[in-house]
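Coordinate analysis (summary)
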Amino acid sequence: MKILTIVGARPQFIKASVVSAAIQQKGMSEVIVHTGQHFDSNMSDIFFGQLGIPEPQYNLNISGGSHGAMTGAMLTEIERVMLMEKPDQVLVYGDTNSTLAGALAASKLHISLAHVEAGLRSYNMKMPEEINRILTDQLSNILLCPTSQAIENLRSEGFDNKNVQIHQVGDVMQDSALFYAERSTKPESVSIEERFILATIHRAENTDDPDRLKSIIDALNQLHTFIPVIMPLHPRTEAAIKALDLVLNVEVIPPQGYLEMLWLLDHCGIVVTDSGGVQKEAFFFNKPCVTARDQTEWVELIDTDANVLVGADGNKLINEVKARYSQRVNDANELYGGGKASQRIAQLLLESNV
Ligand code: UDP
């Protein structure tokens, strides 16, 4: 059984690391293709170093440019690799342009496609991620869903009537958070020991909209005057702040490795984010989360009040942080599968090869 895995962005390296280990344990072979979508060494090399993912056999070095140019270049190159490698199964993760390009290439070559994080929806078609995940689900033969909500989303789109496998496997990010938590490392540049606000902002809907970005940055600046805000700054956000001449008056640090990020999550008093993965990680570390988005794919965290959506409303953001700061979030219910997702995925891939 030969699996060809496509990765290209930070969260995909994290997810692939635990699934790759499970694939190896089951004795299947895996070829890793890194599209190069995240080329910054803090967002790519460091993850391969820290996470023990097998070195990618192919590095396509495709980054930057418009969505069309990037996805098109990836499609061409991924198809070339698939024709050479002839895998039994292609494995894609999440919702990036790399995911969509891998899905298109596999389905046109009639290679079985498995999608990790299938069925997630924000119902906001302005998000590039939403377009990528809907199309990838449509092309997949094996839909590996993290939550019961994801299964329901697929049902409501008529997937029960399609000749595909749908499985609720749990969330691989919980597997990796549990596995790597004890190796978490304090970032060198951080002097505060605990109870800071951990902020990450990088989503296009915020960075590409000057009013939204300004409102979020103003709120973080204000919060920093009474609770320290530590913000690992994503290159996209840094560029947008510069272009708009905004002033960011918080403790800015460079994008962090995953082990450093886990330390920050473990020691903070609250998380403010627009990241998908970080919303769940806050929960895994029992930290409250305030999310600067209008929708989330992780609705179970809103339903259990572990997380709250504030959009780009600065006052709401500040008030929710004040109300939730340092409260412990209860993770008693197993919303995300309890850390067994990667084992389940590897077993399903093995069973699919009959
Ligand atoms: N992350 C990291 N370093 C950082 C910021 C985030 O390792 O400086 C991790 C974070 O803990 C999570 C993943 O990257 O595991 C989420 O990635 P991102 O926010 O880029 O993507 P999303 O989940 O929104 O797709």
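One can find the structure itself at the top, above this paragraph.
Here is what the cut-offs are and how they apply
Residues numbered from 1 in each chain as written. Predicted model: local features only at pLDDT ≥ 70, side-chain atom pairs only at ≥ 80, totals over all residues. Heavy atoms only, no water. Core = buried A, V, L, I, M, F, W, Y, C linked by side-chain atoms within 4.5 Å. Buried < 20%, exposed > 50% of the residue type's maximum accessible area, 1.4 Å probe, protein only. Contact = heavy atoms within 4.5 Å. Helix = DSSP H or I, 4+ residues; strand = E, 2+ residues; numbered from the N terminus. Pairing = 2+ DSSP bridges. Axes fitted to C-alpha atoms, helices over the stretch in contact; angles between N-to-C directions.

Counting residues in each nonpolar core, the largest one holds 65 residues, and the members touching the most others are L91, L264 and L349. Among all residues touching L91, those that are not within four sequence positions of it are I3, L4, T5, I6, V19, I23, A114, V116 and L349. With 28 residues, the next largest nonpolar core counts I201, L248, V290 and V310 among its residues.

Looking now at the pairing of strand β8 (residues 197-200). Alternating residues of β8 divide into I197 and A199 and L198 and T200, and every residue in both groups is buried. In this sheet, strand β11 (residues 270-273) lies alongside β8 in parallel orientation, the contact comprising 4 bridges. The residue bridging A199 from the neighbouring strand is V272, located in β11.

What follows concerns the sheet that holds β11. Remark on secondary structure: sheet strands pair via backbone hydrogen bonds, oriented parallel or antiparallel. Overall, parallel pairing links the 6 strands, which are arranged β10-β9-β8-β11-β12-β13 in an open sheet. The strands lining the two open edges of the sheet, one partner per strand, are β10 (251-253) and β13 (307-309). The average undirected angle you get between the axes of adjacent strands in this sheet is 20°. In this structure, β8 lies alongside strand β9 (residues 229-232), joined through 2 bridges in parallel fashion. Of the residues in β9, the one forming a bridge with L198 is I230. Its contacts with the sheet put helix α9 (residues 210-224) on β8, β9, β10 and β11, and the angle it makes with β9 is roughly 140°. On top of the sheet, helix α12 (residues 276-284) reaches β8, β11, β12 (289-291) and β13; it is set at about 170° to β11, its chief contact.

As for its placement among the helices and strands, E251 is situated in strand β10. Excluding residues within four positions of it along the chain, E251 makes contact with S189, V190, S191, I192, H224, V229, I230 and M231.

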